Amino acid sequence: MGEIIWDMLLCDSSIHNTLFRVICRTAESLEKLYVSRLWEPTEIQGLEAAICSVLDILSIMLSDFSKDFSSGSTVFHQAMMSSTKKPCPIVTSMISLISHFRNPEIQVGATRLLSMLCIIGDHSPPYLFGTSCFGPEDKQIADFRRSVYNVLSEQFLWNENLFVAVLKLLTSAARYQPAFLISVLDDKGKAEVLEALLQFAKRSDDLINSNPRVWLNVLNFLQALWQGASQYTDILKQLRSSGRLWKELSKYINIIAKTKPFSFQTLYKMEAQSLAYKYQCQAVILEIVACDMFLQRKLQLLNQKPDLSKEGIENGGFSGNVAKELCHFKDILSLSCDQSILGDLIQSSMSFDYDNEVTLRAKIAASLFAVHVMGKLATGDAGSLSVSLSKKIHVMSKKLSALPAFTELAAQYSQQGYSGGKELDLLILSDLYYHLQGELEGRKIESGPYKELSYYLLDSDFLQSYRSKSSEDLFSPADHVYLFNTLQIKTDMGLDLWKYSQWKPFESIGERMLICIQEANLMLLLSSSKLSALRAVVSVLSLNQEESTEDKSPTKREMSKQLNPSWIDHICRCFHSTLKSLSPVFYSSETILHFLAAQVELLLSLLKSNYKMIPINKHLLVLETSALGLRMLNDFIPSVAAVQRTMKLLLMLLLSSLECISFNLHSDNIGITEVRNTCLRLLPVLCNCLGNSENYALSLTVIDLMIKHCLVPNTWFPILQKHLQIQLLIQKLRDKDSLNLVPIILKFLLTLSHVKEGAEMLLISGFFPSLKLLFEKPPQHIWGLGLSVITSMIHSLGESSTYLDFIDSVINYFFKEKVYLISFYLNNPPVDFASDDRPDRKRARSQKRQTTLSSLKETENTLVLICVLAKNHRSSWVKAMKETDSQLRERSIHLLAFFSQATSPLLCPPLLKEEIDSYRNPSFVRSRNAWFALSALGCVPHSRSFSDISNKTTALILEDQSTENTTGGGSSTYFADTVGVQIYKISFLLLKYLLLEAKGAAKRAEELGFVDLAHFPELPMPEILHGLQNQAIAIVTEICDANKIKLIQPEIQSLCLLLLQIMEMSLYLELCVSQICGIRPVLGHVEGFSKEVKLLIKATEKHAFLKASMTELKRIMSLVFPHLSKAERFS
């Protein structure tokens, strides 16, 4: 019946017209009635009462408004927003009625309805409602502005409901009708409404304790302005110019942050409500601070170019206007970065006093009421219950009587001589009622049939069906909390009529249920308010963390002093305490899960922003805390969204802590035993987490990081062997729905394959067949990872003949079935040596030479596999490659020749997020030679003009600049250096492969006693080798000369060692070529080479890490150039 009436109200235009005729009036028309002789005072009062009633009706009809307009509600919404209503549109009428001060109830009703119309106007399709109604005439705006000012400027809150309703209207307009709000607030440069609010803010000291609800609504309006900052620039300037505002906000934060921990049982109802509003106020203030920090950050980024005028220098490099905008930023920093304030906020926000007993009592009281009603309905007495409630309980009764426990009780009672049928059911219900009553009074039900029936009632959706979104404060930060609708429950019960019926003796049952539900509501509201405050603290800390990553951030210095390690102890203690209140039985646990997630998020923010300041013992505490949380949450239903999110955050916390621990373990061995013991205890927990598909990738990443950097194989492998289901892991490689997991799985398997036992496990589990199936239609950038795992397996398994079948299958698959892919990656980047050397032709060819860093890495992985097979399994390799080895060598020489020339840039733009981030970072090699100079030109984003790169390339070619003197025109970046290093890694592997082939031929020559030139492998020309030698000499000399005093960083040391190895191998190949082919060194080259090498030797003398490499280099140089005089020898 209710749904039918509701549809009639929404769809019947005659009802709409009747309602609209009552309220489509203006304040002026109502005022005229008071001076009219035709209207008696009682008639005017009746009309105003009717207007109030209709306003309430329309507000209720709009309360269930949805953004997705249903066909039934469109008629009503269109009528409400119509601009052709007579005598005036609804919106115009509401704006006017707010000025009717003779009747505050009309003002409140009109204000509430207009707030909802703002939302409808924003979410409504423009074509549906035509011209917007929120564009009243100037006079109407002026009257409305004056009325709002009069309400807000009252010295005493003579009508709190009206004051709050006006603030909610301003908040709604700020969020949904910005043009309308700006017209109200801006009065030709004046800002009376804002001034009234600022004056009201000065009374915050009184409002904090006396009426925090009103202060919350003021803050909600301010927050709406900051969230819509792009539209309210001028308004925010006026608010910022008031230094009083930030002082008041800071004062409030200090007061609420020093709130002592409370126990819900010790709070009175009004105290709990007041405390809930205080926490919501804290949340809104911190969100405002976070918004303003974000805005100032953007303002700084937009004004990074310094103002070098006299005024600009006085303002710290900023222009006058910008400096004024940033001057109040110190007040925000005092709020967001002050250690004492943050410490107090963390202390007050982290504790969580959620009492499951309160919610349990509400459920027991509801079950008690339901059982009582079941008995009444069984006798045909529905009392004053609504039809819907009677139906719900009747369905519950049928399900209850069908339970095995109910049937068991019926059998027991029958054996004791009780008759069956309805009387027996009533007897069981009566006994169940007294059992529940006893549990409500503190006497637990013993295990058995009655316990099972009580569990069914507690888990039923009877009480749950009355949960609804809290709407007491439309824009409250805790508005998302779902409370029990006690008013609806009381209405459905018809409780007011019980005293006049036969149900009067049982009135206490319904009243007690309502009292228990109200207590549960109060606890839910308080816990949700505190949760919103904690989330706001997390927002500010997260924003601080982002700001601190920028060197020029104003918060950099403050953030470095921000963290107090004792906060981690407190957060972990609070987390443990919250976990204890977690129960998988009752729905109330969802609130606790949200709080757990916020606690973990806060801890994660602290770790990310200050990881260098946190000692190892604190990270150990974080690991233990995370393990405890994951262990408990694994027992919950994995489909619950809150469980998934909390587990995800715990895994992210583990990942962040492990990254820091692995970094510290490499530099300091303190605490290494404790770390390893903790990680070993964590491994089984993480393996269990793999059963959760939502967090599968993150769990596997944490395991990979842990065994790679924090543990040794003989400790972690037995645990994984016992707890990890490797077969299921490998099966996911074949699962089409798990393609996004493939890179993560392969990275883990790569780590596993580094251990011989792990490689054997992969071999037995059928990894290679699964990989072949994956390579049929491989996802992007999977080729190199797959090859890396196979290469690592081959290396770990060793040269034992036991695995020859596996080796043969690998060679046969990759170098026969997939030889086209091998050829593809050995032609990366595409190289075309044409005979036409005209500059325009060269430029056209250089434009085709485009690749990506990922493709270069795949080429590297391909060559690593080739080198491992050619070296460790020579006989199998030679046997299988008889027909294709010549082509493979030719392609290798071809690619090596391209890298040797280094005359034109290789276009390699950053594509992935991490590549773009590294492009923004400065060069770490700082070399202006060879591929590091050319990469600076070619490794730029697509947004850069290609013609600019082409022009610089042309200049390089036309000017015929030598490799050593190439300076280019690009600015070197971290990404460009990474590409340069990658090129030299590939060059090293190409030389290694060709050198292995040469050694193999030399060995055969020794066995035969002569050199079989017909079957001697192809080797690179000396000119190719000379080019690589010159590049290596130039770069290493440059780096060593630039770092004569300071220590060279490890990654630069690795590069220098790599380049010297390239030089050494190229000299070995040159020696081989000269001896086999009888080619003597060109005199001019020898002289130039001798001079450059002497400079290299001199530059490397002060760098001890190069001593061993230089010794080997000198030895091979003396073999390649034996005819040099003793004075010119490399010594």
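Parameters at a glance
- Residues numbered from 1 in each chain as written.
- Predicted model: local features only at pLDDT ≥ 70, side-chain atom pairs only at ≥ 80, totals over all residues.
- Heavy atoms only, no water.
- Helix = DSSP H or I, 4+ residues; strand = E, 2+ residues; numbered from the N terminus.
- Buried < 20%, exposed > 50% of the residue type's maximum accessible area, 1.4 Å probe, protein only.
- Contact = heavy atoms within 4.5 Å.
- Areas by Shrake-Rupley, 256 points an atom, 1.4 Å probe, with all protein chains shown as cover.
- 1 Å grid on protein atoms, 1.4 Å probe; cavity = no way out; pocket = protein on both sides within 12 Å on 5 of 7 lines; lining within 4 Å.
- Points joined across faces, edges and corners; volume = space filled by probe spheres on them.
- Nonpolar A, V, L, I, M, F, W, Y, C, P; charged D, E, K, R; others polar.
- Axes fitted to C-alpha atoms, helices over the stretch in contact; angles between N-to-C directions.
- Parallel < 35°, antiparallel > 145°, perpendicular 65-115°, else oblique.
- Left-handed = near helix turned anticlockwise from the far one by under 90°.
- Salt bridge = Lys/Arg side-chain N within 4 Å of Asp/Glu carboxyl O.
- Expected span 1.5 Å × (residues − 1).
- Disulfide = S-S within 2.5 Å.
- Polar contact = N/O pair within 3.5 Å; in protein donor to acceptor, adjacent residues only side chain to side chain.
- Core = buried A, V, L, I, M, F, W, Y, C linked by side-chain atoms within 4.5 Å.
- pLDDT = per-residue confidence, 0-100.
- Phe/Tyr/Trp six-rings, centres within 6.5 Å; stacked < 30°, edge-to-face > 60°.

**Q** Got a sec to walk through the overall build of the chain? Specific residues and values, please.
**A** Tallying secondary structure elements over the chain gives 55 helices and two strands in all. Counting all 1131 residues of the chain, 54% fall into the buried class. Restricting to contacts in the chain with at least 6 residues of sequence separation, those with at least 24 account for 79%. By element, 53% of the accessible surface of the chain is carried by carbon and sulfur atoms, the whole surface being about 52500 Å².

**Q** Can you break down the layout of surface pockets residue by residue, with the values?
**A** Roughly 820 Å³ of internal volume is contained in the second largest pocket. Lining the second largest pocket are 23 residues; nearest its centre among them are Lys747, Leu785, Ser854, Lys857 and Asn861. At the level of elements, α38 (742-753), α41 (783-797), α45 (853-872), α48 (913-919) and α51 (974-1008) are the ones that each hand at least two residues to the lining of the second largest pocket. Sort the elements by how many residues they give to the lining of the second largest pocket and α45 lands first, with six residues. Considered class by class, the residues forming the lining of the second largest pocket number seven nonpolar, nine polar and seven charged.

**Q** How would you summarise the packing of helix α2 (residues 13-23) against helix α4 (residues 41-63) if you had to cite specific residues and measurements?
**A** Taken N-terminus to C-terminus, the directions of α2 and α4 make an angle of 130°; their axes are 9 Å apart at the nearest point. As summarised for this structure, α2 and α4 are arranged oblique, according to the angle between their axes. Taken as a pair, α2 and α4 cross one another with a handedness that is left-handed. Residue-level contacts link Leu19, Phe20, Val22 and Ile23 of α2 to Ala50, Ile51, Val54, Leu55, Ile57, Leu58 and Met61 of α4. In terms of residue class, the contact of α2 with α4 is built from eleven nonpolar, no polar and no charged.

**Q** Explain the pattern of salt bridges residue by residue, including any values.
**A** Tallied over the full model, the rule gives 18 salt bridges. Of the charged contacts in the structure, one is a salt bridge between lysine 490 and aspartate 496, with a shortest N-O distance of 3.9 Å. Given a relative accessible area of 34%, lysine 490 falls into the partly exposed group. Between glutamate 997 and arginine 874 there is a salt bridge; the shortest N-O distance is 3.1 Å. Linking glutamate 997 in helix α51 with arginine 874 in helix α46 (residues 874-880), this pair joins segments that are 123 residues apart in sequence. Of the residues examined, glutamate 997 reaches a relative accessible area of 4% and is grouped as buried. Through salt bridges with shared partners, a single network forms among Arg874, Asp885, Arg889, Glu997 and Glu1018.

**Q** Tell me about unusual backbone geometry, and please be specific about residues and values.
**A** In this structure, alanine 902 takes a positive phi of about 50° despite not being glycine. Considering the arrangement of structural elements, one finds alanine 902 in the loop between α47 (885-901) and α48. On the basis of relative accessibility, which here comes to 6%, the residue alanine 902 falls in the buried class. For alanine 930, which is not glycine, the phi torsion reads 55° and is therefore positive. Here alanine 930 is to be found in helix α49 (residues 930-938). Taking the relative accessible area as the measure of exposure, alanine 930 reaches 1% and is therefore buried.

**Q** Tell me about helix α9 (residues 138-152), and please be specific about residues and values.
**A** Between its first and last C-alpha, α9 extends 21 Å over 15 residues, near the 21 Å set by a 1.5 Å rise per residue. Each element contacted by the buried residues of α9 is listed here: α3 (27-33), α6 (90-97), α7 (104-123), α10 (160-176), α11 (178-185) and α12 (192-201).

**Q** Go over the state of the cysteines with me, naming the residues and quoting the values.
**A** Disulfides are covalent bonds that connect the sulfur atoms of two cysteines. Scanning the entire structure with this criterion turns up zero disulfides. Cysteine 1040 forms no disulfide, and the closest cysteine sulfur to it belongs to cysteine 1056, at a distance of 5.1 Å.

**Q** Can you break down the side chain of serine 935 residue by residue, with the values?
**A** Along the chain, serine 935 falls in helix α49. Judged by its relative accessible area of 3%, serine 935 is buried. Side-chain polar atoms of serine 935 contact the backbone oxygen of tryptophan 931, separated by 2.6 Å. In contact with serine 935, not counting residues within four places along its chain, are Ala976, Val979 and Gly980.

**Q** Give a description of the side chain of serine 172 that names residues and reports values.
**A** Within the secondary structure, serine 172 sits in helix α10. For serine 172, the side chain forms a polar contact with the main-chain oxygen of serine 115, separated by 2.7 Å.

**Q** Any chance you could break down the environment of alanine 533 for me, citing the residues and the numbers?
**A** Secondary-structure assignment places alanine 533 in helix α28 (residues 507-548). Classification of alanine 533 by relative accessible area gives buried; the value is 0%. For alanine 533 and leucine 345, which are 188 residues apart along the polypeptide, the C-alpha to C-alpha distance reads 9.0 Å.

**Q** Provide a residue-level description of the packing of α9 against α10, including the pertinent values.
**A** Between α9 and α10, the least distance of the axes is 9 Å, while the angle of their chain directions is 130°. Classed by the angle they form, the pair α9 and α10 counts as oblique. Where α9 crosses over α10, the two elements pack in a sense that is left-handed. Residues Phe144, Val148, Val151 and Leu152 of α9 lie in contact with α10, whose contacting residues are Leu162, Phe163, Val166, Leu167, Leu169 and Leu170. In terms of residue class, the contact of α9 with α10 is made up of ten nonpolar, no polar and no charged.

**Q** Explain α38 residue by residue, including any values.
**A** Counted at 1.5 Å a residue, the expected span for α38 with its twelve residues is 16 Å, and the 16 Å between its end C-alpha atoms agrees. In terms of residue burial, α38 counts as a mostly covered element, since nine of its twelve residues are buried. Burial in α38 covers these residues: Val742, Ile745, Leu746, Phe748, Leu749, Leu750, Thr751, Leu752 and Ser753. Residues of α38 that are buried in the fold lie against α35 (696-709), α36 (713-723), α37 (726-731), α39 (756-764), α40 (767-774) and α41.

**Q** How would you sum up the nonpolar core? Please name residues and give values.
**A** Ranked by internal contacts, the top residues of the largest apolar core, which has 365 residues, are Leu117, Phe369, Leu749, Phe767, Ile790 and Phe814. Counting residues per element, this core draws most heavily on α28, which supplies 19 residues. Residues contacting leucine 749, with those up to four places away along its chain left out, are Ile726, Leu729, Leu733, Leu762, Phe767 and Val789.

**Q** Which residues make up the confidence of the model for the chain, and what values do they have?
**A** Within the chain, residue pLDDT values average 81, and 82% of them lie at 70 or more. Here helix α18 (residues 310-314) stands out as the least confident element of the chain, with mean pLDDT 42; α38 is the most confident, with 93. For the stretch residues 66-72, pLDDT sits under 50, and the model shows ten contacts to residues farther than four places along the chain or on other chains. Confidence drops under a pLDDT of 50 for residues 551-560, and excluding neighbours within four residues, the segment shows 23 contacts in the predicted structure.

**Q** Kindly report on the packing of aromatic side chains, identifying the contributing residues and their values.
**A** Per the stated rule, a full pass over the model turns up 23 aromatic pairs. Ring centres 5.7 Å apart and planes at 35° place the aromatic pair phenylalanine 144 and phenylalanine 180 in the tilted group. Here phenylalanine 144 is found in helix α9, whereas its partner phenylalanine 180 is found in helix α11, with 36 residues between them in sequence. Taking 5.9 Å as the distance between ring centres and 85° as the angle between the ring planes, the aromatic pair formed by phenylalanine 768 and phenylalanine 806 counts as edge-to-face. With phenylalanine 768 in helix α40 and phenylalanine 806 in helix α42 (residues 804-817), this pair connects stretches of sequence that are 38 residues apart.

**Q** Help me get a handle on the environment of serine 1066, residues and values and all.
**A** Relative to the assigned elements, serine 1066 resides in helix α53 (residues 1050-1077). For serine 1066, a relative accessible area of 0% puts it in the buried group. For serine 1066 and glutamine 1029, which are 37 residues apart along the polypeptide, the C-alpha to C-alpha distance reads 7.0 Å.

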